[in-house]
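# Breakdown of the fold
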Amino acid sequence: MKHRAVLVYTLLAAAMLTGCGTHRDRTPADSNRNDSVTDDAREMVTDAIREGRELASDAVQNGRELASDAVQNGKDMVSDAAEDVSEAMDKTDSDGAYRTDSDGRVQPDSE
């Protein structure tokens, strides 16, 4: 929604700026009206830039949060894998071989 608002503001500002023209024989009333239109267009462009900066800031923050979550998930996966290896090593014979049944499933310690 913010992207559309920025686009609309930018297009309106461009339309207003091109509609002003560059006549040299303007009356003072025309100049005041055109100055007002220019000021309005400038304000709209400034607002669009401000909103664009906010969108970029939000995108950076979301990226940081996603990266942080990915790192934490990676740590959790490595930790879980280490626990699985540790548990599997506890179920080995003294020579390092797993005790398995005829179906290949690891058997619990008999002790």
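So, here is what we can say about the structure in this document. If you're wondering where the values come from, they're calculated on a predicted model, not measured in any experiment. (Residues numbered from 1 in each chain as written. Predicted model: local features only at pLDDT ≥ 70, side-chain atom pairs only at ≥ 80, totals over all residues. Heavy atoms only, no water.)

Time to look at the overall build of the protein. Scanning the protein for helices and strands turns up two helices and zero strands. Taking all 111 residues of the protein together, the buried fraction comes to 8%. Restricting the contact set of the protein to residue pairs at least 6 apart, pairs at least 24 apart contribute 43%. (Helix = DSSP H or I, 4+ residues; strand = E, 2+ residues; numbered from the N terminus. Buried < 20%, exposed > 50% of the residue type's maximum accessible area, 1.4 Å probe, protein only. Contact = heavy atoms within 4.5 Å.)

Here we come to the environment of Met44. Summarising the element assignment, Met44 is placed in helix H2 (residues 28–90). C-alpha separation for the pair Met44 and Leu12, spaced 32 residues apart in sequence, amounts to 7.9 Å.

Here the focus is a negative patch on the surface. A grouping of Asp76, Asp80, Glu83, Asp84 and Glu87 is seen on the molecular surface, where their side chains present a negatively charged patch. Along the chain, Asp80 turns up in helix H2. Overall, the relative accessible area of 44% leaves Asp80 in the partly exposed class. (Patch = residues over 30% accessible without salt bridge, like charges linked within 9 Å, V, L, I, M, F, W, Y side chains within 5 Å. Areas by Shrake-Rupley, 256 points an atom, 1.4 Å probe, with all protein chains shown as cover. Salt bridge = Lys/Arg side-chain N within 4 Å of Asp/Glu carboxyl O. Lys, Arg positive; Asp, Glu negative; His and termini not counted. Charge placed at Lys NZ, Arg CZ, Asp CG, Glu CD.)

Side-chain pairs of opposite charge can arise where the charged atoms are in close proximity. In total, this model carries two salt bridges according to the counting rule given. Of the charged contacts, one joins Asp39 and Arg42 as a salt bridge, the two residues approaching to 3.1 Å between their closest N and O atoms. Of this pair, Asp39 and Arg42 both sit in helix H2, three residues apart, which is roughly one turn of that helix. Judged by its relative accessible area of 42%, Asp39 falls in the partly exposed class. One salt bridge in this structure joins Arg50 and Asp47, with 2.9 Å as the shortest N-O distance.

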